[in-house]
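Breakdown of the fold
The lines below spell out each chain.
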Protein chains: 2
Amino acid sequence: MFYLGVDLGGTNIAIGLVDEQGNILHKDSVPTLSARPPAEVVDDMAALCRKVTADAGKSMDDIAAVGIGVPGLTIDETGVVVFATNLGWHDVHMGTQLGRALNKPVHMDNDANVAALGEVVAGGMRGAKNAIFLTLGTGVGGGIVLDGKIFSGTHHVGGEVGHMITVINGEPCTCGNRGCWERYTSATALIREGKKAAQRNPQSLINKKVAGDLDKISARTVIDAAREEDADAVQIYRDYIEALALGIINLINLLDPEMVAVGGGVAAAGDFLLEPLKACVASHVFYKDAPHAEIVLAVLGNDAGIIGAAVDAMNKENA
Amino acid sequence: MFYLGVDLGGTNIAIGLVDEQGNILHKDSVPTLSARPPAEVVDDMAALCRKVTADAGKSMDDIAAVGIGVPGLTIDETGVVVFATNLGWHDVHMGTQLGRALNKPVHMDNDANVAALGEVVAGGMRGAKNAIFLTLGTGVGGGIVLDGKIFSGTHHVGGEVGHMITVINGEPCTCGNRGCWERYTSATALIREGKKAAQRNPQSLINKKVAGDLDKISARTVIDAAREEDADAVQIYRDYIEALALGIINLINLLDPEMVAVGGGVAAAGDFLLEPLKACVASHVFYKDAPHAEIVLAVLGNDAGIIGAAVDAMNKENA
């Protein structure tokens, strides 16, 4: 049998037809247009499910179930998206509606959670039983896989790694608390510190790279300047890596996973991120004489969500 | 069948005969005398296992297995205590030796982990599937129970809650890192801050309670002075509760357990600890509209380790 994996994003809905081993046979996408009534979004989702299936040369009879990764909080048992802030959704019965439209079982989970499962099934953490996926973007998202399955806790709200407090009384966060890990480890953090440095030191390479237009500073600007050994950028990037490592150490000391994968925009830095990160984790982990998680780059990009959503549906149907 | 639960401490070895429901039918203890060769400690442990069984009116044929909670890192599969710092042990084949002496299966796990299981089976977190136990003593220990079983991760080193970094570049910790949670939330933290306040302000009630002998300041001294509304003590205790709450919030945001129990010396403060702690957690948790873990006091004291070790052995035998 085959499964449809849906990556519901703020901009696009991407859907793939996935086999039982986690391979995408065919995929396609349509704009989300999330300002519309949610029912219209679900209609487009159903239509794309049918199209992807047909374009893959399969029929809906070949589809065992559909999985959706949602940028928000879902309750799979009731088919409800409790909220998805980027979509402006509250209490949308998406699972129920899509299930009725396709006459298939539909399962939902958080997008970072399904991406974690995708990286375990077919990506950078292939074969790991216990694994954590981190996505370093505008914020920091994460997903936990335990014993080969998504772990989201008792009320489905676990895995919120980005809001782990790593500096009591630290930088104010959008969540209302202070010192959340993502304040120091998101792309946004690199941009914020890059801007400060460019203002403080107009001779900084960061400033030169954007020709003085500070609004053009991206995470990549800072990382590239660090690669070129600009003193300000090197310091910012060193602090960034240390903050990232210390949070990963918290996760390792707590959950002792087999692997940790880092993805998202900042992870495009590749080995320039991975190598100092691994060194910093190894030198600060609590049990220095015991083995600890292997840290790797995520490799699937957006496909992680499609594959993970499909495999999550498969796991739940076979549970 | 019955199980023997062993709580191996730095001072005493406590052993109880436990039924399948987690009730202690009879218990006894002997001094550990940990400066001796470990084999002698194991001999005393075996003798006490036989004595407790006989004194409970049972025979060794009634015993299905033995479980041991160890203040250190163990590998249950090989029967080895990798290290137990308080006992000065490294690579002690305790599980193998006790198993041979009693001709019974022996299982081992970390003492805080088995105490967590004890509180779930028969204590303050009875019935919870996912639960976290915290012990606020000289340091801060913890154990995680997921799906009714001890969760210690891939290499058995998970659950190290006390060394979660909550203040990057914060107070130096004995582990070599800075800003570990236990620097702010152990009894030691209350004593440290109490001493500072007493030095700064000789009129402080903290100072009066120990008649100026700062070495006599205990966690209880500070807590009692806070109850009596001494300004210094109130501030110290408020900071303490906030630091404790923020780390619990990290655990909730990450693992979303059903219950969290606090035990250890500081938890003797009872509702004077629990009520402000619950309020602080509720006001800072990430998903404020979703339910979150109930926070309770641990109730079993040292019995948690005996019961948890016995039930852990039962779980592993029945796995």
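Keep in mind that this is a model prediction, so the values were computed, not measured.

Looking at the overall build of chain A
If you tally the helices and strands in chain A, you get 10 helices and 13 strands. Taken over C-alpha atoms, the radius of gyration comes to 20 Å for chain A, in line with the 20 Å a tight globule of 319 residues would show. Across its three principal axes, chain A shows a C-alpha extent of roughly 60 × 50 × 35 Å. The buried share of chain A, reckoned over its 319 residues, is 59%. Of the contacts made within chain A by residues no fewer than 6 positions apart, 61% connect residues no fewer than 24 positions apart. For chain A, the distance from the average position of its 25 positive side-chain charges to the average position of its 39 negative side-chain charges is 4 Å.

Side note on the pattern of salt bridges
Note on pairing: side chains with opposite charge can pair once their charged atoms come close. Residues and elements named next belong to chain A. Scanning all chains against the criterion turns up 32 salt bridges over all chains. One salt bridge in this structure joins D224 and R227, with 4.0 Å as the shortest N-O distance. Residue D224 and its partner R227 are located together in helix 7 (residues 219-227), separated by three residues, close to a single helical turn. Classification of D224 as partly exposed rests on a relative accessible area of 22%.

Description of the interface of chain B and chain A
Accessible area lost upon the coming together of the parts is a frequently used measure of interface size. If you look at the interface, chain B gives 44 residues, while chain A gives 43 residues. Here chain B and chain A share an interface that buries about 4,000 Å² over both sides, 63% of which is from carbon and sulfur atoms. Three residues, I168, L254 and Y287 of chain B, lead the burial of chain B against chain A; their summed loss comes to 18% of the area buried on that side. Counting the contacts that link chain B with chain A gives zero salt bridges. Seen at the junction of chain B and chain A, the total is 29 residue pairs in polar contact (both at pLDDT 80 or more). Within the residue set of the side of chain B that touches chain A, elements represented by two or more residues are strand 10 (140-146) and helix 8 (231-255) of chain B.

Observations concerning the sheet that holds strand 2 (residues 12-18) of chain B
Residues and elements named next belong to chain B. Read from one edge to the other, the open sheet built from five strands follows the order 3-2-1-4-8, with strand pairing classed as mixed. Edge positions in the open sheet fall to strand 3 (24-31) and strand 8 (106-110), since each of these has one partner strand only. With direction set aside, neighbouring strand axes in the sheet form an average angle of 20 degrees. In this structure, strand 1 (residues 2-8) lies alongside strand 4 (residues 63-70), joined through six bridges in parallel fashion.

Examining helix 10 (residues 303-318) of chain B
Spanning 16 residues, helix 10 of chain B covers 22 Å between terminal C-alpha atoms, matching the ideal 22 Å at 1.5 Å per step. Burial runs high along helix 10 of chain B: 12 of the 16 residues are buried.

Digging into the sheet that holds strand 10 of chain B
Residues and elements named next belong to chain B. Overall, mixed pairing links the five strands, which are arranged 11-10-9-12-13 in an open sheet. A strand with exactly one partner marks an edge of an open sheet, and here the two such strands are strand 11 (149-151) and strand 13 (294-297). When the angles between neighbouring strand axes are averaged without regard to direction, this sheet yields 25 degrees. Here strand 9 (residues 131-136) runs beside strand 12 (residues 259-263); their pairing, made up of five bridges, is parallel. Bridging across to strand 12, A131 finds its partner in M259. Along the sheet, helix 3 (residues 111-122) makes contact with strand 9, strand 10 and strand 11, crossing strand 10 at roughly 55 degrees.

A word on the relation of the copies chain B and chain A
If you rotate chain B by 180 degrees and push it 0.0 Å along the axis, it lands on chain A with an RMSD of 0.0 Å. The transformation relating the two chain copies, once decomposed into turn and shift, fits a two-fold axis. The share of interface residues of chain B whose copies in chain A are also at the interface is 98%, consistent with both copies meeting through the same surface.

Focus: the nonpolar core
In terms of nonpolar packing, the biggest core is built from 117 residues, with I248 and L273 of chain A together with I248 and L273 of chain B touching the most fellow members. Excluding residues that lie within four positions of it along the chain, I248 of chain B makes contacts with L134, W181, V260, V262, L277, V281 and I295 of chain B.

A look at the packing of helix 5 (residues 187-200) of chain A against helix 7 of chain A
All names here are of chain A. Here helix 5 crosses helix 7 at 65 degrees, and the two axes come no closer than 8 Å. Considered as vectors, helix 5 and helix 7 are oriented roughly perpendicular to each other. Crossing of helix 5 against helix 7: the hand is left-handed. Within the contact between the two elements, helix 5 uses A187, L190, I191 and G194 and helix 7 uses A219, V222 and I223. Considered class by class, the residues forming the contact of helix 5 with helix 7 number six nonpolar, one polar and no charged.

Rules behind the numbers
- Each chain has its residues counted from 1, running along the sequence as written.
- Note on labels: chains are lettered from A, ligands numbered from 1, in written order.
- Only residues with pLDDT of at least 70 get local features here, since the model is predicted, and only at 80 or more are side-chain atom pairs given and counted; chain-wide, interface and lining totals rely on the full set of residues.
- Side-chain figures throughout are based on the complete set of non-hydrogen atoms in the structure, without hydrogens or water.
- Think of it this way: any DSSP run of H or I at least four residues long counts as a helix, any run of E at least two long counts as a strand, and we number them from the N terminus.
- The size measure is the radius of gyration over C-alpha atoms, and the globule rule it meets is 2.2 Å times the number of residues to the 0.38 power.
- To sort residues, take the accessible area from a 1.4 Å probe on protein chains only and compare it with the maximum for the residue type: under 20% means buried, over 50% means exposed, and anything in between is partly exposed.
- Contact between two residues is taken to exist if any of their heavy atoms lie within 4.5 Å; hydrogens are not considered.
- All tallies of charge rest on Lys and Arg as positive and Asp and Glu as negative; His and the ends of each chain are not included.
- Where a charge sits is defined by one atom per residue type, namely NZ (Lys), CZ (Arg), CG (Asp) or CD (Glu).
- Between Lys or Arg on one side and Asp or Glu on the other, a salt bridge is scored when a side-chain nitrogen of the former is within 4 Å of a carboxyl oxygen of the latter.
- Values labelled buried area give the accessible surface lost by two parts on being combined, using a 1.4 Å probe and summing over both.
- N or O atoms within 3.5 Å of each other form a polar contact, as long as, within protein, one can give a hydrogen and the other can take it, and as long as residues adjacent in sequence are counted only when both atoms are side-chain atoms.
- Criterion used throughout: strands pair if DSSP finds at least two bridges between them.
- Axis lines are fitted through C-alpha atoms, for helices just across the contact stretch, and the angle between N-to-C directions can take any value from 0 to 180 degrees.
- What a helix is expected to span follows from its residue count: subtract one and scale by 1.5 Å.
- Residues reaching a pLDDT of at least 70 in both copies supply the C-alpha atoms on which the copies are superposed by least squares.
- Take the buried Ala, Val, Leu, Ile, Met, Phe, Trp, Tyr and Cys residues and link them wherever side-chain atoms come within 4.5 Å; each set so joined is a nonpolar core.
- An angle counts as roughly parallel when it lies under 35 degrees, as roughly antiparallel when it exceeds 145, as roughly perpendicular when it falls between 65 and 115, and as oblique in every other case.
- Handedness of each helix crossing follows the sense of rotation of the near helix against the far helix: counterclockwise by less than a right angle gives left-handed, clockwise gives right-handed.
- For this classification, the nonpolar set comprises Ala, Val, Leu, Ile, Met, Phe, Trp, Tyr, Cys and Pro, the charged set comprises Asp, Glu, Lys and Arg, and every other residue, Gly included, is treated as polar.

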